Every structure is written in structure tokens, then in C-alpha cells.
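What follows is the residue order along each chain.
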Amino acid sequence: MTDAVIQTHGLTRRFGKITAVSDVSFEVSRGAIFGLLGPNGSGKSTIIRMLCGVLRPTQGTGVVLGIDVSKNPEQVKRRIGYVSQKFSLYADLTVTENLDFYARIYGLSAIQLRERRGVVVALTGLEPYMDRLAGQLSGGWKQRLALACAMIHDPEVLFLDEPTAGIDPVARRELWDLLFELAGRGVTMLVTTHYMDEAERCTHVGYIYLAKLIALGRPEALKANADVTPANTQRYEIRCTNPAASLALARHIPEVRDATMFGDTLHVLLDTSLDPRELVRRIAPNDPKADVRPVEASLEDVFVLMSRAQARKLEQVRVT
Amino acid sequence: MNGFLAILLKELAHIRRDRGTILFAFVIPAVQLSIFGYAIDVTIENIPLVVFDLDGRQESRRLVEAFVNTRTFKVVERVTDSESLHRALNAGRAKAGLIVPADYSNRLLRGEQAQVQMLIDGSDSQIATTALNAANLLTINMSLGRAKIVAEQAQRAVSRDPAGRPVLPIEARPRLLYNPDLESSHFFVPGLIGIILQLVLLFLTSFSIVRERERGTLEQLFVTPVGRGGLLFGKLVPYACMAFGELCIVLTLMVAVFGVNINGSLLLLFSLSGIFIVTVLGLGLLISTIATTQLGALQMAFMVMLPSVLLSGFMFPRSEMPTIIYWVTFAIPATYYIEILRGVILRGADLVDLFPHFIGLCCCCAVILTLSLARFRKQLD
């Protein structure tokens, strides 16, 4: 991949004895939306901070736009934008003042400032709120403002650290629409999240578990992975009146490799040796509404499976 | 210096929006100076005195009158038994007790030594020392007065003045320089200016940076190409300007309200104040590189303020301090600045007179700035 905009190689960061990021390598190509997933404290923010040049890697390299971030952090900073996890604009300044401040920080001239402000305001729809204090905006609009500030200098790469945490579903969807629009304009994005539906929207995803990158690739490729749906098995979705009771029953059937609740349905990974209709008869007896259909693995399935495999591997290492 | 103007404009917008900053920078210092300038008064007068006069005749009444006339003492109670006298002292109503024996007048008339007893509450050493000295001086003067009369009658004196009257053989002729009325406000107010300036500036600067760290806006700034110099100067210059404004206000108050005139060069005063202001900005910056929360900054600022108040010579003379503490006082920037303030304002000292303090302040400034600039990085670790 020669058009890689972000490349990391063996990226590692330790804080004292704790390893926050361990040997993480990935590449993100131009215009991609790379989703970095993982539980809280798995090291996602630390990776972003290293790539933004504010945290030095202990080992390994991070290259953004062809520039090594640990060698030339200041050069990288001009060409990237960063939306942090918590709202970090000036609550006591207005929307306009915040935008103008960041424009000046990036050294935009008065003419450039006006032009770029027009562009990001049109993009984010902040027009009606220009004179409002940033602290008085609602969560979704705060994030739009943060995005607008991060975009004011027309960066080629955008880092977003859980941009949708704590905002309502409508605002969340609108923000993602914005991100797609930016990607369409050629902006490369690295987004961390722990919403699985957001992960499905990314062009590429990486899953961080206990500081290590354990899954990497396009969502559909990950789902098609042989480990996720092994040979002679098939995933089914079972709709029934009492899924909780059925789940308990399903877990006692040897042919059921895995079973989880999914809304008001059950997802099971079943050996082909057992007929799915037979399974339904066993776990939802006398249920006329019971229904079964084959489904594809979800990203959540992928990550659950890989986390377990990783945990087992670590357990083995500890034993030996 | 990248981004200096952007940070400066933003900082001014913050200050404009935040009434608290304006209040803290200009109004509070003026109020503090007025209150503390009046409150801190070290001349001890009107020490409450309880009198137990067993004699009660003219000579003893004259003695008690003499005590009151010194203005050091004020009679708060006259008692008729020794039990009540001790009660007044125990209860703290009186700090000194005077007992005149029944034969006081008789003895004086007979030409014998008359004795009066002074009981002094020693718990506050300053008050006790003053009371002791005043009582001693008073009785010596009264004794000399009587001796003079005798000398005149005897036609024999140790020494005489040109008119032939007997006088004391040695007379000291003290002249009080710089503060002839011994107004303690003249001594304290200039020092207070230094303390207030440091207090306000230290809190404002350390808070302004730690607040950004706490709210995450500093991290956001680190991700931008803003230069370290631009960031620091942009943040500190507005506060330096405010400090100068504040200095003007408190100096005006000092002259107008307390009648303390600036005897030395105003230019020198402002130039040296500039060095002190930069030093305190550096201290504030240093605190902000260590503290991660505003509460932490508050605690650290207090840790810096206490020695500045107690050991800088503002409250207590440094020459009285134990050797080790005395050496410590050289590490406190306020020590030099207070010396400079007192020198320029009260004694009209010039740079030559103040050279050691000037050098001391410069050294403090250099050390603190180097340390804080080295610690302040555009990095999170």
C-alpha cells in the first residue's frame, strides 16, 4: 500500500511498568475511515496521541503523511486535525471566537480565515449559533464545533477520539454523515469508538484488546474469517417469545458452539450436524411463533471471539 | 513565537468575560492594601493596666498619672485588694499591674528608697518588653527629676548647661530618618505591595494554565503547531500587563491614603518591579507544570506564599532569624523585592544602594525561569 497516509510499525508506549500500547502496526490509506475499537483503557487514545505528536512512543514508529511523528511532531501538527474525547474548546468564547482562534493558531491570513470559516460552517451547519458561547451548545453541536475547529486549516488527516460518546442518536448519525462527506473529499480519518454499528460503517477497522491490536481489516473480510465461522458451523438468528429462557436451554446443547442474546432474538453458532429446526424445537418447545434464519457474523461476534482467543493465548503463556 | 497573537487575543477575551479575574486583579488588592495597611500596626500603646494603690496620696497619684501620660499604658481598673489585681491579670483584662505600697509617700519624704511593684503578663513578649522598658524608663526619669532638685539645693551637680542649671552628663540626640513619626504603616505598606502583587499574580497565572490543562484545552493546543514561546508569551503577557496596572493602583493608594511618599526614582521602581513580575510569572508557570488540577495549584501557590509572607522580612526582621532560616530567606524572591520597595519608596535609594538586592532578584528570576521553561513542554508526558 503505497498511498498509506498513516503507518505505524511496532508502536509501543509504556507508562512506568504499564504497557498502554504494545507493538501496534497498521496502515491507513487516503480517504479511508479507519475505526479503532476496543474497551475503555485498551490504549486507543494513547495511539491517537502518539500519532498527533503529543506523546512520544516508547518504541516503534508512527508515520503520518510521510513524516515520522516522533522526529518531526511540529511538521505533522500543521496537516492534521484532532477532535478529542472530551469537549476541549473554550466554553466562555463564542463559536466564532473559537473558530477564529484556531484559524489564527494555524497562521491563516484574514482572507483565508474568512474563506475557511465559510467552508466549515457550511459543512457543519453552525451558522445559526455563531454568536452563542460554546459552553451553551448542546452535546451534538459541541462536537460539530470541535470538528469545525479541527477542520479550519483544511487538514489532510483527521483524528477523532470517541467523537460520538454521550451524544444523542440523531446527532450521532448526523456526525457520521459529516464524516462520510469529509472522506468523500479525500480526508483520511482515524476514529475511535466503542459502538459496533459505527465500526460497521468504517472502511477498515482495528480491534485493540489489552494494548494489542488483535484484529485488522475491512469489516466484511473480518466477518468472513474462518476463525469466526469455522468449517461445519453456521450462524442462525432465532426469533422466539421467551429468548432468555431459550438461551439457557441452548447453552446445554453440545452442538451449540456459542449463543448470545441479540435484542429480542438469539444468535447461535451451530454445528451443521444439528438441524436448526430441531434446535428450535428443543429450545423453544410449543412456540408457534418460533422462527429461524441463517445470518452472517456481526463485527461484535468477531471481536468477542478474538478477545476470547487472545485471553486464552495469554493464559497459556502464563501457564507455560 | 508562532501563534502569539492568537493566544493573546483569546486570553484577553477570557479576561473580559470573567469578572472574577478583573475583581481579583484590581479590586481585591486595593481592598487588601487598605485593610491590612491599617490593621498591621506594631507600635504598642495603651497596654491595659490595673492599679492597686495602697498609698493614695499626692506622690502616688502623680506616679500613676505619669504611667498614663506615657500613652504606653491605660488604666483599665483600680482595685483595693491584691486578690482582685491578680484576677484582672488572670482574666486577661489587664496586661500589667502596678502595686504602690502604703508607705510610698512617707519613704520618699524621708529620703529613703520607695519601691513599687510591677506585674507584667509575659505571654506576649512584645507587649511585655514594651511595658517593662516603659516602666523602667519612667521610674528612672522620675528619680532623675528628684535628684536634680536635690543637686540644685546642694549647689553641686555632675554637669551643668551654659546657663548653670544642672543637667545630665551625657545626652543622646537621636534623629529619626525616613520615617520620623515612626508610623508603622510607612514600613509595612511598601512591603505589603510586594506581597499582594505576588499573591494575585501567582494565582492568576498558575490558574490560567492549569485550568486549560484540567479542561483538556491545553492538549488540544498541543496538537496545533502553536510555538512554545507563542503559547507562553501569549498567556503570560496579559497577566504581566495586569500586574503593572495593579502596581499603579496600589502605589497610588499608598501615597493618597497612607501618605507614604515615593522618595526614589519611579522609573527604577517600575523597572525592578518588572523583574519581580517576570519572576512571579515564572513561579506561576512552574506551579502549572507540576499541578494538574486547580486545587493542586491552589495548594502549591499557598506553599509558595507562606514563606514569602513570614520569612521575606515583610513581617519579622530577617536579622533576628536563626542562621539556617536566614540563609533560606535568600532563596525567596520577595525578600529582595521588599527590600527594593522599602529602599526606593522610604529611603530614596538608587540602583547603587540596591545593587545586592537587584542581583539577588535577577538570580532568582533566572533560576525560576530556566526551571519552568525547561519543564513546560508541548508534550503530555
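As a reminder, the structure under discussion sits directly above these lines.
It should be emphasised that the depicted structure is a prediction, and the values quoted were computed from it without experimental measurement.

Moving on: the environment of Asp154(A). All names here are of chain A. For Asp154, the position within the fold is in the loop between helix H5 (139-151) and strand S7 (157-161). When the 16 C-beta atoms within 10 Å are taken as the criterion, Asp154 is described as partly exposed. For Asp154 and Ile80, which are 74 residues apart along the polypeptide, the C-alpha to C-alpha distance reads 8.3 Å.

Further remarks concern the sheet that holds strand S2 (residues 18-29) of chain A. Residues and elements named next belong to chain A. The strand order S2-S1-S4-S5 describes an open sheet built from four strands, whose pairing is antiparallel. Unpaired on one side and paired on the other, S2 and strand S5 (67-68) mark the two borders of the sheet. The sheet strands contacting helix H1 (residues 44-51) are strand S1 (4-15), S2 and strand S4 (59-64), and the helix crosses S1 at an angle near 120°.

To continue, consider the nonpolar core. Residue and element names in this part refer to chain A. Membership of the largest hydrophobic core comes to 84 residues, with the highest contact counts inside it found for Ala148, Phe159 and Met189. At eight residues, H5 tops the list of elements feeding residues into this core. Filtering out sequence-adjacent residues up to four positions away, Ala148 remains in contact with Leu99, Val120, Val121, Thr124 and Leu126.

Turning our eyes to something else, we now look at the sheet that holds strand S3 (residues 33-37) of chain A. Residues and elements named next belong to chain A. Strand order across the open sheet formed by six strands is S6-S7-S8-S3-S9-S10, with mixed pairing between neighbours. Two strands in the sheet have a free side with no partner beyond their single neighbour: strand S6 (80-83) and strand S10 (212-217). Strand-to-strand, the axes of this sheet are offset by a mean angle of 15°, without reference to chain direction. Of the pairings in the sheet, the one linking S6 to S7 comprises four bridges and is parallel in character. When the bridges of S7 are listed, Gly81 appears paired with Leu158. Most of the contacts of H5 go to S6, to which it runs at about 160°, and overall it touches S6 and S7.

Cut-offs applied
Residues numbered from 1 in each chain as written. Chains lettered and ligands numbered in written order. Predicted model: local features only at pLDDT ≥ 70, side-chain atom pairs only at ≥ 80, totals over all residues. Helix = DSSP H or I, 4+ residues; strand = E, 2+ residues; numbered from the N terminus. Buried ≥ 20, exposed ≤ 12 C-beta atoms within 10 Å, placed from the backbone. Pairing = 2+ DSSP bridges. Contact = placed C-beta atoms within 7 Å. Axes fitted to C-alpha atoms, helices over the stretch in contact; angles between N-to-C directions. Core = buried A, V, L, I, M, F, W, Y, C linked by C-beta atoms within 7 Å.

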